[in-house]
Amino acid sequence: MTTVGFVSRYPPVHCGIAEYTKFLISALRSLNPKLKIYVFSTDEAYKEGYEDELGVEVLPCFKPSEKNYSELLSQLAEIGGVDVLHVQHEYGIFGEGRHIIDALIQAKEEKLAKKTVITMHTVDHPSGRDFALKFQASLNDVDAVIVHSNLQEFELQMQDVETSRLFRIPHGTLINPYLSYTKGFLSKSLGLNEEKFRGIILAIPGFLRKDKGVDVLLEALKLIEDMKFTLLLAGEPKDEELHELVVKKTKYRTIVIERYLSSDEILRVVALADAIVLPYKDRKGAYAVSGILHLSMGGLKPIIGSRTPRLIELYQFAPDMTVPPNDPKELANKIRWLVDNYDYAVAYMTELYGYAARTQWIRMAYRHLRLYKSLLGVS
């Protein structure tokens, strides 16, 4: 095997899938520096091809929700094809139809790809969206389907995706490189004043959207105003209504970074925090996992989260740190318990920290390489 082509969003586009793809590629290059990697990206950031700092050739060739992937096929033909063509699929990127699967089939027919792979970042339950169920019914047309959680795996099994095509490879985890840095340095690097922090620092990092449960957290914090804490909201606002809510309800003990944060900056936010709070509200019928959870796990800090499919790994390895979704009172009680029993909470998270170590990006990249080689029949 010599070449892998990823079809995905890619940085500098502000997208979790883009960051995921770059983390995976970086780990793959660490394992095999001779591996030739192409990224067939959306044209949201660049219109022309370029080589990034990892030595990866990025070829913009489609728009979000594209229906015609002829440019992707043309780019594949121009480079002489790839051994594995791997789509990082999210419905928000590839739209409602099966057009990308048709493109993968055509790439194989025209000998532009030997094997095709799709990573399903979101899998819909039958109670979900009709177009998603139709797309998932066509997954047997590709050689391999990667999912991140057992919920996703079993759901696709129930939807008749052949088990021989299904592979569960967890989301990768980066052990935080800033764990030994001082709060003063981390605060300054993020443009914050360390003197404004009071008590325990609770952080909710990543894009600020309604589904992150920020409104639930703000309601919960009103119930524990007698405690010493600072809330750090850090991420690009994705909802004007939520932005107004944050501005209206936050007080002196809340610090807000309202801008896009790179993965490196999120790692610094996690290292600065004493605990991470993820009160997510999942869309009905959707199974996914949280990239922010994995960035948080690598920070080896206590994490409080809701019992939702996106945080299934937190529920599996640290169930006592979870609360029902949309329940400010239970969330407030859990935060109060955390502050009062912080050392115990850190010790309790040990099993989750072990999972973080087992899912480091280099290990997950190795499992990808092993899958690619198995599909191609090479050792």
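Residues numbered from 1 in each chain as written. Predicted model: local features only at pLDDT ≥ 70, side-chain atom pairs only at ≥ 80, totals over all residues. Heavy atoms only, no water.

1. Considerations on the overall build of the chain
- Per the secondary structure count, the chain includes 16 helices and 16 strands.
- What you see for the chain is a C-alpha radius of gyration of 21 Å, in line with the 21 Å of a compact globule of 379 residues.
- Taken along the three principal axes of its C-alpha coordinates, the chain extends 65 × 40 × 40 Å.
- Taking all 379 residues of the chain together, the buried fraction comes to 55%.
- Long-range contacts, defined as pairs at least 24 residues apart, comprise 71% of the intrachain contacts of the chain with a sequence gap of at least 6.
- In the form shown here, the chain has an accessible surface area of approximately 16,100 Å², with 50% of it arising from carbon and sulfur atoms. (Helix = DSSP H or I, 4+ residues; strand = E, 2+ residues; numbered from the N terminus. Rg over C-alpha atoms; globule rule 2.2 N^0.38 Å. Buried < 20%, exposed > 50% of the residue type's maximum accessible area, 1.4 Å probe, protein only. Contact = heavy atoms within 4.5 Å. Areas by Shrake-Rupley, 256 points an atom, 1.4 Å probe, with all protein chains shown as cover.)

2. Overview of the packing of aromatic side chains
- With the rule as written, the count across this model stands at 13 aromatic pairs.
- Judged by centre distance (6.3 Å) and plane angle (25°), the ring pair of Tyr38 and Phe40 falls under stacked. Phe40 matches Tyr38 in its accessibility class, with the two residues each being buried.
- Counting every residue linked through ring pairs, the aromatic cluster contains Tyr20, Phe23 and Trp361.
- One residue, Lys36, lies across the ring of Tyr38, its end atom 5.2 Å from the ring centre.
- Its end group placed over the ring of Trp337, Lys334 keeps NZ or CZ at 5.9 Å from the ring centre. (Phe/Tyr/Trp six-rings, centres within 6.5 Å; stacked < 30°, edge-to-face > 60°. Lys NZ or Arg CZ within 6 Å of the ring centre and 35° of its normal.)

3. Thoughts on the sheet that holds strand β2 (residues 36-42)
- Spatially, the 8 strands line up as an open sheet ordered β3-β4-β2-β1-β5-β6-β8-β9, and their pairing is mixed. One side of each edge strand has no neighbouring strand; the edge strands of this open sheet are β3 (50-51) and β9 (166-168).
- Note that β2 and strand β4 (residues 57-62) share 5 bridges and pair parallel. Looking across to β4, one finds that Phe40 is bridged to Leu59.
- Relative to the sheet, helix α6 (residues 150-158) contacts β6 (113-120), β8 (144-147) and β9, its axis offset from that of β9 by approximately 170°. (Pairing = 2+ DSSP bridges. Axes fitted to C-alpha atoms, helices over the stretch in contact; angles between N-to-C directions.)

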